[in-house]
Amino acid sequence: MAGKTFTYAPAPESRAVVTLEPSYGLFVDGSFVDPVDGGVFATVNPADEQVLAQVSAAGARDVDRAVSAARAAYDGVWSRMPGAERGKYLFRIARILQERSRELAVLETLDNGKPIRESRDVDVPLAAAHFFYHAGWADKLEYAGLGPNPGPVGVVGQVIPWNFPLLMLAWKVAPALACGNTVVLKPAETTPLSALVFADICRQADLPAGVVNILTGAGETGRLVVEHPGIDKVAFTGSTEVGRQIARAVAGTGKRLTLELGGKGANIVFDDAPVDQAVEGIVNGIFFNQGHVCCAGSRLLVQESVADDVVDRLKRRLTTLRLGDPLDKNTDIGAINSAEQLARVRALADAGDEEGADRWSAPCALPDRGFWFPPTVFTGVSQAHRIAREEIFGPVLSVLTFRTPEEAVEKANNTPYGLSAGVWTEKGSRILSMAARLRAGVVWANTFNRFDPASPFGGYKESGYGREGGRHGLEAYLATEASA
Amino acid sequence: MLADATTSQAALRRFLHGLPGVDQVGADARAAALATRSIKTDAKAFALDLAIRMVDLTTLEGADTPGKVRALCAKARRPDPADPSAPPVAAVCVYDDLVEVARAALGSSGVKVAAVATAFPSGRALLDVKLAETRDAVRAGADEVDMVIDRGAFLSGRYLEVLEEVRAVKQACGSVHLKVILETGELQTYDNVRRASWLAMMAGADFIKTSTGKISPAATLPVTLVMLEAVRDFRDATGRQVGVKAAGGIRAAKDALRYLVVVNETVGDDWLDPDWFRLGASSLLNDLLMQRTKLATGRYSGPDYFTLD
């Protein structure tokens, strides 16, 4: 028998389920068109730096076209359609997402670098779930408790990030359509491919032309969409910096705006926590999707009396994480999404060294090509360190300690952000008292990074405003007599 | 530290209830995540053979006869008559009155004889009876004794009683390996599983075992995960390594591989050995053999190509 070590043989998912076109146009008014005044750019696989396809960059006139198409579809068909009919389209889209789930999972992994395990088990099923959930709301908006005679807002401009390309699209598109709005959506420039397949799914579902328009491009295209006078509402998920620019651009225009921005979530472990599950929760909190999660639990606050034990267990656990080919079904940690993001993660990790924190990285071999960063834990971190304050958006955890619940709350809230927090304790009353005092949009108890379409998501302070998902998420896409 | 914990009922209770809790949702989720590992080609071949070497081939029926036990022993020594490269299993597990038959049938094959004792499966008998049964099994030549804990005593909080009983049985075993069956299906909560695991180890168990196979649910992946975490923590605390046996309800090779993945990613190489991890099963072996043949030949053969017992 060869050796004693149980080494998993490669188990790659097949790429054959995905047919990549050499180049993609823009999806406007129900069909793919070449850009009028835009250019083209390449999208690469971050795991091996291979070019996957050429994608169009929409210019000003392309944005005009898309907004006009969305307006025509809004006035002519979609806003007048009974909710029950809209619901049928959403159900149909949800079912097609499920039918094409394998193709979408592989495509998402190729374009984003995330492990197939996550795109297959999390991203795609949740995206379908969002359409199913909102399909159910489409004919029940009267009963959402948001005011009398709820109706759509108009044409919605949506700009989404690269960390969960298809899922963020679903978070944006499903409620907008359910409420009777039409959409111009710009996916992130590094991860446009699943949105383009989604465009094809809209055609497959016979969605009326112009209801969903997808404009690929970089930040400039996003700015054109946001600033276009024909847009009634803007929804953005991404960095706090870009969120600020958008808020400035939209100010005074009468456009509605929701922002889902950065975070520096505190994951608080008390001395009576279920320790092995807490370690899993820490791993899930910061190393899920390579830490490319705005609500990641990137600050571990652990009670001093158990800090050494928790950190030892965490390090032991991290040695079993499997980093590598994202298409391998046993991979836990995939590639960093882009060279720029890798540079940012490296720079912030180096700042941690310079500030005197202790860096520890899981001993895993990094592939030669592609953008990679090993799961990393900084101990000896204090509130004054940059790595405790700035969002790293990568697989880097900062460990801080506390002695009393009071101190834990103070430290957790001492951040410009307020998107998420986690509390680990066996004591139910403590969970409730902590949840009431933590300034975070989501507080997870004895778990982390769990999502459900019925559960609203959003932030405090520099993490943005507005909620997505659940009954609350409908509010941003509905005009009621109360809000008019 | 552990010596102090066993001085009184109150001290033992304080210690066991001071162990970190187990969040059931989290433990189930972790086990479910590990169950999605994809084990292919070389890794599968390695794991199938390892699983075969870890099997405690078991017959624990009232209807057992010497003939049936002899047949089982023949199977244990040479699981696949058509393919001598298939390794022998770890042990044959029988009632204590059949130990001599198994001992004689296994000879010097290296396959161990495990005997269930202590009023298996209920454990409801006087201590003297349990000890007599244990000594009987040892005298008959058992290499390993599988005892059951008194779940009634455990569930009513009489931890010291359970501890002393395990200690007494361990003493009666002498150098013979003692596997302590927790019957986790009756303990129900994962907190109970972790406490019972520590209790058995503190009392001197060489192995902790999930189930008798007579109660449903028998072995489950999350319960085995919790027990593996317990033996890992126990070794960290005391330096002594204790084995784990998942028994009952494991019928498919696919399930066996999932157990090996959980062992691999929870406690690692040190436990990936028949000396430290066992699968108690009767019908699992044939599926392991069938998958083994499939891997070698690329084709499935029917159940009739493998021996019945």
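Residues numbered from 1 in each chain as written. Chains lettered and ligands numbered in written order. Predicted model: local features only at pLDDT ≥ 70, side-chain atom pairs only at ≥ 80, totals over all residues. Heavy atoms only, no water.

## Some words on the overall build of chain B
Part 1: Each helix and strand in chain B was counted, giving 14 helices and 8 strands.
Part 2: The C-alpha radius of gyration of chain B comes to 19 Å, within 12% of the 19 Å expected for a compact globule of 309 residues.
Part 3: C-alpha extents for chain B along the principal axes are approximately 60 × 45 × 30 Å.
Part 4: Across the 309 residues of chain B, 60% fall into the buried class.
Part 5: Of the contacts made within chain B by residues no fewer than 6 positions apart, 76% connect residues no fewer than 24 positions apart. (Helix = DSSP H or I, 4+ residues; strand = E, 2+ residues; numbered from the N terminus. Rg over C-alpha atoms; globule rule 2.2 N^0.38 Å. Buried < 20%, exposed > 50% of the residue type's maximum accessible area, 1.4 Å probe, protein only. Contact = heavy atoms within 4.5 Å.)

## Quick notes on the sheet that holds strand β15 (residues 376–379) of chain A
Residue and element names in this part refer to chain A.
Part 1: Overall, mixed pairing links the 7 strands, which are arranged β14-β15-β16-β13-β12-β17-β18 in an open sheet. In this open sheet, the two edge strands, each paired with only one partner strand, are β14 (358–361) and β18 (442–445). Adjacent strand axes in the sheet meet at a mean angle of 20°, parallel and antiparallel pairs treated alike.
Part 2: Summarising the sheet, strand β17 (residues 420–424) and β18 pair through 4 bridges and their orientation is parallel. Residue pairing for β18: Val423 is matched across the bridge by Ala445.
Part 3: Where helix α9 (residues 275–287) meets the sheet, its contacts fall on β12 (266–269), β13 (299–303), β15, β16 (396–402) and β17, and the angle it forms with β16 comes to roughly 135°. (Pairing = 2+ DSSP bridges. Axes fitted to C-alpha atoms, helices over the stretch in contact; angles between N-to-C directions.)

## Quick word on the environment of Ala218 of chain A
All names here are of chain A.
Part 1: Turning to its location among the elements, Ala218 is positioned in the loop between β9 (212–214) and α7 (219–227).
Part 2: The exposure class assigned to Ala218 is partly exposed, which follows from its relative accessible area of 32%.
Part 3: Separated by 177 residues in the primary sequence, Ala218 and Phe41 place their C-alpha atoms 9.2 Å from one another.
Part 4: Ignoring sequence-local partners within four residues, the contact set of Ala218 consists of Lys186 and Glu189.

## Here we look at the interface of chain B and chain A
Part 1: Facing the 34 residues of chain B at the interface are 30 residues of chain A.
Part 2: Here chain B packs against chain A, burying approximately 2,600 Å² in sum over the two surfaces, 49% of which is carbon and sulfur.
Part 3: The interface formed by chain B and chain A includes 6 salt bridges.
Part 4: Here Arg313 of chain A ties to Asp233 of chain B by a salt bridge, and the two come within 3.1 Å at their closest N and O atoms.
Part 5: If you look at where chain B meets chain A, you find 13 residue pairs in polar contact (both at pLDDT 80 or more).
Part 6: Elements that contribute at least two residues to the side of chain B that touches chain A include exactly α3 (24–34), α4 (41–54), α11 (190–202), α12 (221–238) and α13 (253–266) of chain B.
Part 7: For the side of chain B that touches chain A, the leading source of residues is α4 of chain B, giving 7 residues.
Part 8: Taken together, the residues that form the side of chain B that touches chain A break down as 11 nonpolar, 6 polar and 17 charged. (Buried area = accessible area lost by both parts, 1.4 Å probe. Salt bridge = Lys/Arg side-chain N within 4 Å of Asp/Glu carboxyl O. Polar contact = N/O pair within 3.5 Å; in protein donor to acceptor, adjacent residues only side chain to side chain. Nonpolar A, V, L, I, M, F, W, Y, C, P; charged D, E, K, R; others polar.)

## Some points on the side chain of Asp23 of chain B
Part 1: Along the chain, Asp23 of chain B falls in the loop between α2 (9–18) and α3.
Part 2: Buried charge without a partner: Asp23 of chain B forms no salt bridge, and the closest opposite charge is Arg450 of chain A, 8.5 Å away.
Part 3: When neighbours within four sequence positions are excluded, Asp23 of chain B is seen to be in contact with Pro274, Gln277 and Asn446 of chain A. (Lys, Arg positive; Asp, Glu negative; His and termini not counted.)

## Some thoughts on the pattern of salt bridges
Part 1: Across all of its chains, the model carries 55 salt bridges over all chains by this definition.
Part 2: Between Arg292 of chain B and Asp49 of chain B there is a salt bridge, and its shortest N-O distance comes to 2.6 Å. Taken together, the residues span a long stretch of sequence, with Arg292 of chain B in helix α14 (residues 284–297) and Asp49 of chain B in helix α4 at a distance of 243 residues. The same class applies to Arg292 of chain B as to Asp49 of chain B, namely buried.
Part 3: The network of salt bridges with common partners includes Asp276, Asp309 and Arg313 of chain A together with Arg194, Glu229, Arg232 and Asp233 of chain B.

## Comments concerning unusual backbone geometry
Part 1: Going from Phe120 of chain B to Pro121 of chain B, the amide bond is cis rather than trans, its omega being 0°.
Part 2: Its place among the elements puts Pro121 of chain B in the loop between β3 (112–116) and α7 (127–139).
Part 3: Cis geometry marks the peptide bond from Ser216 of chain B to Pro217 of chain B, where omega comes out at 0°.
Part 4: Mapped onto the fold, Pro217 of chain B is located in the loop between β6 (207–209) and α12.
Part 5: The phi angle at Phe393 of chain A is positive, at roughly 55°, despite the residue not being glycine.
Part 6: Position of Phe393 of chain A among the secondary structure elements: in the loop between α12 (386–389) and β16.
Part 7: When its relative accessible area of 16% is taken as the criterion, Phe393 of chain A is described as buried.

## Here we look at α9 of chain A
All names here are of chain A.
Part 1: Between its terminal C-alpha atoms α9 stretches 18 Å, which fits the 18 Å expected from 13 residues at 1.5 Å a residue.
Part 2: With 12 of 13 residues buried, α9 is to be regarded as a mostly interior element.
Part 3: Taken as a whole, α9 has its buried residues at Val275, Asp276, Gln277, Ala278, Val279, Glu280, Gly281, Ile282, Val283, Gly285, Ile286 and Phe287.
Part 4: Count one or two residues on from α9 and you reach Asn289, which has phi positive near 55°. (Expected span 1.5 Å × (residues − 1).)

## Focus on the sheet that holds strand β1 (residues 23–24) of chain A
Residue and element names in this part refer to chain A.
Part 1: The strand order across the open sheet formed by 3 strands is β1-β5-β4, and the pairing between neighbours is mixed. Of all the strands in the sheet, the pair left with one neighbour each is β1 and β4 (39–44).
Part 2: Across 6 bridges, the pairing between β4 and strand β5 (residues 51–57) is antiparallel. The residue of β5 that forms the bridge with Val44 is Val51.

## So, the packing of aromatic side chains
Residue and element names in this part refer to chain A.
Part 1: Counted under the stated rule, the structure contains 19 aromatic pairs over all chains.
Part 2: Between Phe270 and Phe402, the ring centres sit 5.2 Å apart and the planes meet at 75°, which makes this aromatic pair edge-to-face. With a gap of 132 residues between them, Phe270 in the loop between β12 and α9 and Phe402 in strand β16 connect regions that are remote in the sequence. The burial state of Phe270 is the same as that of Phe402; both residues are buried. (Phe/Tyr/Trp six-rings, centres within 6.5 Å; stacked < 30°, edge-to-face > 60°.)

## Let's talk about α7 of chain A
Part 1: Turning to α7 of chain A, its buried residues are Thr221, Gly222, Leu224, Val225 and Val226 of chain A.
Part 2: Against β5, α1 (60–78), β7 (155–159), β8 (182–186), β10 (233–237) and α8 (240–250) of chain A lie the buried residues of α7 of chain A.

## Some words on the environment of Ala11 of chain A
Part 1: Within the secondary structure layout, Ala11 of chain A lies in the segment before β1.
Part 2: Counting along the chain gives 67 residues from Ala11 of chain A to Trp78 of chain A, while the straight-line C-alpha distance between them is 45 Å.
Part 3: With sequence-adjacent residues up to four places away left out, Ala11 of chain A is seen in contact with Leu327, Asp328, Lys329 and Asn330 of chain A together with Ser38 and Lys40 of chain B.

## Details of the side chain of Glu391 of chain A
Residues and elements named next belong to chain A.
Part 1: Positionally, Glu391 belongs in the loop between α12 and β16.
Part 2: A polar atom in the side chain of Glu391 sits 3.1 Å from the backbone nitrogen of Gly263.
Part 3: Ignoring sequence-local partners within four residues, the contact set of Glu391 consists of Gly262, Gly263, Lys264, Val293, Cys294, Arg344, Leu348 and Tyr417.

## So, the pairing of strand β4 (residues 144–148) of chain B
All names here are of chain B.
Part 1: β4 sits mainly inside the fold: 5 of its 5 residues count as buried.
Part 2: Residues Glu144, Asp146 and Val148 of β4 are buried on one face, and the alternating residues Val145 and Met147, pointing to the opposite face, are buried as well.
Part 3: When β3 meets β4, the two strands line up parallel, connected through 3 bridges. The residue bridging Val116 from the neighbouring strand is Asp146, located in β4.

## With respect to the pairing of β16 of chain A
Residues and elements named next belong to chain A.
Part 1: Counted residue by residue, β16 has 6 buried out of 7 residues, so it is predominantly covered.
Part 2: Pairing between β13 and β16: 5 bridges, direction parallel. The residue of β16 that forms the bridge with Arg299 is Ser398.
Part 3: The pairing of β15 with β16 spans 3 bridges and is parallel. From the neighbouring strand, Val377 faces β16, where its bridge partner is Leu397.

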